[in-house]
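Examining the three-dimensional arrangement
What follows is each chain in one-letter form.
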Amino acid sequence: MLLMSNSFSQVDKSYVEAAVIDGAGHLSIMFQVMFPQCKGMALVTAINTAILKWNSWFEATIYVPNNREYWPLQLWVKSFTASAEDFLKSANPNYDKNLLQYCVIVAATAPILIAFPFFIGRLEKGMAVGGVKG
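In this text, all values refer to a predicted model and were calculated from it rather than measured experimentally.

**Examining the overall build of the protein**
- From N to C terminus, the protein includes seven helices and zero strands.
- What you see in the protein, going N to C, is helices and strands ordered as α-α-α-α-α-α-α.
- Residues classed as buried in the protein amount to 23% of the 134 residues present.
- Considering only contacts within the protein whose residues lie at least 6 apart along the sequence, 51% involve residues at least 24 apart.
- For the protein, the exposed surface amounts to about 9900 Å²; the carbon and sulfur share of it is 66%.

Here it is in structure tokens:
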């Protein structure tokens, strides 16, 4: 909220005044004037929210502990490594339980790591715009 509020406050007031003179309503001003100028910060906020939800395992353990189809990825990682530990320990006495967990965590973060380079330019622009006090 603070990032988007700061980003919206950076928009020049003359754009809003010109839209009001042209007869634009509140929603038109928001989606046709304000939001296009704050796309970078909106992208930063959306990506941060997506990563937060991607990693949110605590809420799933509280609200849907028995319904596995609604579990986030991190809870699947915990469940998978716990169930595979006994099998791998019996198959290999030199088994390191952290190795499997690290491999699954790397596979779980791969989509974020693959998507990151495509958004880096917009992320830098959005953070620079939102962090500047005008």
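Now that the structure is up, let's keep going.
**Comments concerning helix H4 (residues 39-54)**
- If you check H4, its first and last C-alpha atoms are 22 Å apart, about what 16 residues at 1.5 Å a residue would give, namely 22 Å.
- Regarding H4, the residues found buried are Gly 40, Met 41, Ala 42, Leu 43, Val 44 and Ile 47.

**Comments concerning the packing of helix H2 (residues 13-21) against helix H3 (residues 26-37)**
- For the pair H2 and H3, the least separation of the axes is 10 Å and the interaxial angle reads 160 degrees. Judged by the inter-axis angle, H2 sits roughly antiparallel to H3. Taken as a pair, H2 and H3 cross one another with a handedness that is right-handed. Here H2 contributes Tyr 15, Val 16, Ala 19 and Val 20 to the contact with H3, which in turn contributes Ile 29, Val 33, Met 34 and Gln 37.
- Within the contact of H2 with H3, the residues separate by chemical class into seven nonpolar, one polar and no charged.

**Observations concerning the packing of helix H1 (residues 2-9) against H4**
- Two elements in contact, H1 and H4, have axes separated by 9 Å at closest approach and are oriented at 175 degrees. On the basis of the axis angle, H1 is roughly antiparallel to H4. Residues Leu 3, Met 4 and Ser 7 of H1 form the contact with H4, whose participating residues are Met 41, Ala 42 and Thr 45.
- Its residues assigned to classes, the contact of H1 with H4 comprises four nonpolar, two polar and no charged.

**Topic: the nonpolar core**
- Counting residues in hydrophobic clusters, the biggest one holds 11 residues: Met 4, Phe 8, Val 11, Ala 19, Ile 29, Val 33, Met 34, Cys 38, Met 41, Ala 42 and Val 44.
- Of all the secondary structure elements, the ones that give two or more residues to this core are H1, H3 and H4.
- Core analysis: the next-biggest nonpolar cluster, separate from the first, contains five residues, Val 77, Ala 84, Val 104 and Ala 108 among them.

**What to know about the environment of Ile 120**
- Relative to the helices and strands, Ile 120 is located in helix H7 (residues 97-130).
- Measuring from C-alpha to C-alpha, the distance between Ile 120 and Val 44 comes to 9.7 Å, with 76 residues separating the pair along the chain.

**Things to note about a nonpolar patch on the surface**
- A cluster of nonpolar side chains, contributed by Leu 27, Met 30, Phe 31 and Phe 35, occupies part of the molecular surface with about 420 Å² of accessible area.
- For Met 30, the location among the structural elements is in helix H3.

**Remarks on the environment of Gln 74**
- Secondary-structure assignment places Gln 74 in helix H6 (residues 73-91).
- Using a relative accessible area of 18% as the deciding quantity, one classes Gln 74 as buried.
- Taking the C-alpha atoms as reference, Gln 74 lies 9.8 Å from Thr 109; in sequence the two are 35 residues apart.
- For Gln 74, the residues in contact, after removing those within four places along its chain, are Trp 54, Asn 55, Trp 57 and Ala 108.

Cut-offs used in this document
Residues numbered from 1 in each chain as written. Predicted model: local features only at pLDDT ≥ 70, side-chain atom pairs only at ≥ 80, totals over all residues. Heavy atoms only, no water. Helix = DSSP H or I, 4+ residues; strand = E, 2+ residues; numbered from the N terminus. Buried < 20%, exposed > 50% of the residue type's maximum accessible area, 1.4 Å probe, protein only. Contact = heavy atoms within 4.5 Å. Areas by Shrake-Rupley, 256 points an atom, 1.4 Å probe, with all protein chains shown as cover. Expected span 1.5 Å × (residues − 1). Axes fitted to C-alpha atoms, helices over the stretch in contact; angles between N-to-C directions. Parallel < 35°, antiparallel > 145°, perpendicular 65-115°, else oblique. Left-handed = near helix turned anticlockwise from the far one by under 90°. Nonpolar A, V, L, I, M, F, W, Y, C, P; charged D, E, K, R; others polar. Core = buried A, V, L, I, M, F, W, Y, C linked by side-chain atoms within 4.5 Å. Patch = residues over 30% accessible without salt bridge, like charges linked within 9 Å, V, L, I, M, F, W, Y side chains within 5 Å. Salt bridge = Lys/Arg side-chain N within 4 Å of Asp/Glu carboxyl O.

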